[in-house]
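An overview of the molecular structure
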Amino acid sequence: LLTKRHGGFSFPKNLGRLPGPRALPFVGNLLHLFHPDLPIHFHDLARQYGSIFRLRLGSKDMVVLNSTDLIREALLRKWSDFAGRPHGFVADLVSLGGKDLSLGNYTPTWRLQRKMAHVAFQRCLRGNMEQIVQSQARQLCKAFHGYGGKPVDLAKDFSLQACGVICSVLFGPLDNFTIEKLHDCIYKIMENWGAISVQVVDALPFLKVFPNANLRHLLSCIKSRDALVQHVMKKHQIQERIHEELMAVVGTSRDPTYSDREHLPFLNATILETLRLRPSAVLALPHMTIRDTSLSGFSIPKGTTVITNLYGAHHDESKWHHPLEFRPERFLEEDPSGEAQRQLIPFGCGARVCLGETLGRMEAFHVLAHTLRDFQILPPSPGDLPDLRGFYRFIVHCKPFRVRLVPWAAVSELAK
Ligand code: HEM
């Protein structure tokens with residue numbers, strides 16, 4: 001009787017064939033979701049059960065996809081089957097009942113909303129979006145000069161810079177005090193939402209006035225850049241190569257522009273490699289099938305939650321040589337056919353692809369191009385390198401670390 005009521009042992013007929021860990025009575029595979037490193041845990045499960053597996057959550061099922069080919073099959077080839085978003089208690093709170101671009105289900109209203117947002121974004125891109133991003137990157141470098149080479153944690157600088165960009169795009173110019181207030185509020189909400197269970201989040205009433213979901217996604221850019229700085233710092237020769245490339249193409253008499261990127265292949269490859277190793281939205285956002293469908297020969301019924309494990313796709317040993325290594329070269333000379341770029345999906349793909357992809361890429365480019373042209377990033381003391389293991393709280397965070405930003409001019413003085 002209990003099995004029948006709670007679905008403890010049995011799977012819906014269609015999903016029965018999908019492999020997955022054994023489900024416990026009542027809770028099914030719920031405990032798997034409490035794993036502290038969920039994307040890595042899913043990746044390990046994929047090694048055991050294959051790149052598509054299912055988890056049973058009470059009476060519901062969840063399907064996890066762990067390879068780029070499967071994710072592309074679902075989100076591109078069968079996009080209209082997988083374009084939904086599941087309901088969830090916290091998500092509904094955050095999005096005021098699903099009235100939100102990223103958390104709302106695939107309905108005619110949502111389609112209109114996305115179309116309007118897309119058109120507005122394109123208009124911004126053709127207008128002054130680059131100037132906004134560029135001026136924020138310049139301000140950032142000014143602040144870096146002010147640190148005078150002392151060890152500092154850059155996480156908040158990056159995060160405020162990204163918040164400044166999105167606020168200018170959304171609301172026009174805002175004063176720094178308001179940006180910082182908005183930033184701190186979003187950051188707090190993000191931390192809480194990602195870190196604790198529904199019950200604890202439930203106890204935080206200010207979630208009811210959570211702002212626009214786009215702002216939430218700001219933080220994923222920031223995490224990418226934090227990770228990038230960490231990796232770049234570990235490998236001095238990478239910084240030097242990017243700096244030389246920037247000096248040859250841009251020099252110091254003008255600032256980098258987004259159109260320079262075509263002539264900066266190594267900087268581009270470094271950004272791609274960071275997005276591969278640390279796709280900030282590691283598990284993307286959950287999808288939901290909006291009709292009965294199939295994937296890789298397995299039937300998947302309407303209403304199933306589908307998780308796209310971007311971490312798993314970007315660490316798939318059958319596609320990436322030494323996937324744990326930070327090697328920008330894999331996007332250059334080692335990839336004449338462009339297969340590595342095809343396998344890279346940090347922004348998702350298909351009908352629910354990230355709306356801010358262009359802005360995210362532009363910000364990563366400007367911040368890195370400005371910073372690495374002007375500064376060498378060094379550890380606080382020789383050999384004091386950051387721990388590269390991130391931790392998962394909804395998005396992947398870097399462990400706090402400090403760096404010294406030494407202007408290149410001072411570096412060459414020191415070398416004399
Ligand atoms: C490096 C930066 C970023 C990364 C890696 C990233 C990644 C992602 C990913 C993986 C998704 C989920 C796709 C899916 O459902 O399959 C997503 C969705 C989304 N992102 Fe981003 N994002 C970034 C920056 C931004 C920015 C700056 C904005 C806004 C200005 C933004 C707005 C959105 C929106 C609105 C959605 C929901 C789209 C939908 O449901 O149709 N993102 N993003």
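The rules we used
- Residues numbered from 1 in each chain as written.
- Predicted model: local features only at pLDDT ≥ 70, side-chain atom pairs only at ≥ 80, totals over all residues.
- Heavy atoms only, no water.
- Helix = DSSP H or I, 4+ residues; strand = E, 2+ residues; numbered from the N terminus.
- Buried < 20%, exposed > 50% of the residue type's maximum accessible area, 1.4 Å probe, protein only.
- Contact = heavy atoms within 4.5 Å.
- Areas by Shrake-Rupley, 256 points an atom, 1.4 Å probe, with all protein chains shown as cover.
- Phe/Tyr/Trp six-rings, centres within 6.5 Å; stacked < 30°, edge-to-face > 60°.
- Pairing = 2+ DSSP bridges.
- Near = heavy atom within 4 Å.
- Polar contact = N/O pair within 3.5 Å; in protein donor to acceptor, adjacent residues only side chain to side chain.
- Nonpolar A, V, L, I, M, F, W, Y, C, P; charged D, E, K, R; others polar.
- Patch = residues over 30% accessible without salt bridge, like charges linked within 9 Å, V, L, I, M, F, W, Y side chains within 5 Å.
- Salt bridge = Lys/Arg side-chain N within 4 Å of Asp/Glu carboxyl O.
- Expected span 1.5 Å × (residues − 1).

Now for the overall build of the protein chain. Check the secondary structure of the protein chain and you find 16 helices and ten strands. Residues counted as buried form 51% of the 416 residues belonging to the protein chain. Across the protein chain, every contact between residues at least 6 apart in sequence was considered, and the portion connecting residues at least 24 apart equals 74%. Of the roughly 19,500 Å² of accessible surface on the protein chain, 57% is carried by carbon and sulfur atoms.

Summed over all chains, the structure comprises eight aromatic pairs. Here tryptophan 320 and phenylalanine 331 contribute two aromatic rings whose centre-to-centre distance is 6.0 Å and whose plane-to-plane angle is 55 degrees, an arrangement assigned as tilted. In this pair, tryptophan 320 sits in the loop between α13 (310–314) and α14 (339–343) while phenylalanine 331 sits in the loop between α13 and α14, placing the two residues eleven residues apart along the sequence. Across the pair, exposure class does not vary: tryptophan 320 and phenylalanine 331 are buried alike. Each member of the aromatic cluster is reached from another via a ring pair, and the members are Phe144, Tyr147, Phe158 and Phe375.

A word on the pairing of strand β1 (residues 52–57). Counting buried residues along β1, six of its six residues qualify, which places the element largely inside the surrounding structure. By the alternation rule, side chains of β1 split into Ile52, Arg54 and Arg56 and Phe53, Leu55 and Leu57, which are all buried. Examined bridge by bridge, β1 and strand β2 (residues 60–65) share six bridges and lie antiparallel to one another. Looking across to β2, one finds that isoleucine 52 is bridged to leucine 65. Adjacent in sequence and paired antiparallel, β1 and β2 are bridged by two residues, among which glycine 58 carries a positive phi angle near 60 degrees.

Let's shift gears to the site of the ligand. Around the ligand, the structure places 28 residues, and the nearest of them are Arg85, Arg114, His287, Arg352 and Cys354. Between an oxygen atom of the ligand and a main-chain N or O atom of leucine 101, the distance comes to 3.3 Å. Contacts to the ligand include histidine 287, whose side-chain N or O atom sits 2.7 Å from an oxygen atom. Among the secondary structure elements, those contributing two or more residues to the shell around the ligand are α5 (108–126) and α10 (213–234). Sort the elements by how many residues they give to the shell around the ligand and α10 lands first, with five residues. Among the residues making up the shell around the ligand, the classes are represented as 16 nonpolar, nine polar and three charged.

What follows deals with a nonpolar patch on the surface. A cluster of nonpolar side chains, contributed by Leu24, Phe26, Val27, Leu30, Leu31 and Phe34, occupies part of the molecular surface with about 560 Å² of accessible area. Considering the arrangement of structural elements, one finds leucine 30 in the loop between α1 (2–6) and α2 (38–49).

For the rest of this paragraph, the subject is helix α6 (residues 129–146). For α6, which comprises 18 residues, the first-to-last C-alpha distance of 26 Å matches the rise-based estimate of 26 Å (1.5 Å per residue) to within 8%. Along α6, the residues classified as buried are Met129, Ile132, Val133, Gln134, Gln136, Ala137, Leu140, Cys141 and Phe144.

Applying the stated criterion across every chain yields a total of 18 salt bridges. The partner of glutamate 73 in a salt bridge is arginine 77, with the nearest N and O atoms 3.6 Å apart. Of this pair, glutamate 73 and arginine 77 both sit in helix α3 (residues 68–77), four residues apart, which is roughly one turn of that helix. Taking the relative accessible area as the measure of exposure, glutamate 73 reaches 17% and is therefore buried. Here glutamate 180 ties to lysine 156 by a salt bridge, and the two come within 3.0 Å at their closest N and O atoms. With glutamate 180 in helix α8 (residues 176–195) and lysine 156 in helix α7 (residues 155–171), this residue pair connects regions lying 24 residues apart in the sequence. A relative accessible area of 33% means that glutamate 180 is categorised as partly exposed. Salt bridges sharing common partners tie together Asp69, Lys319, Glu339 and Arg342.

No statement about biological role is implied by the geometric values presented.
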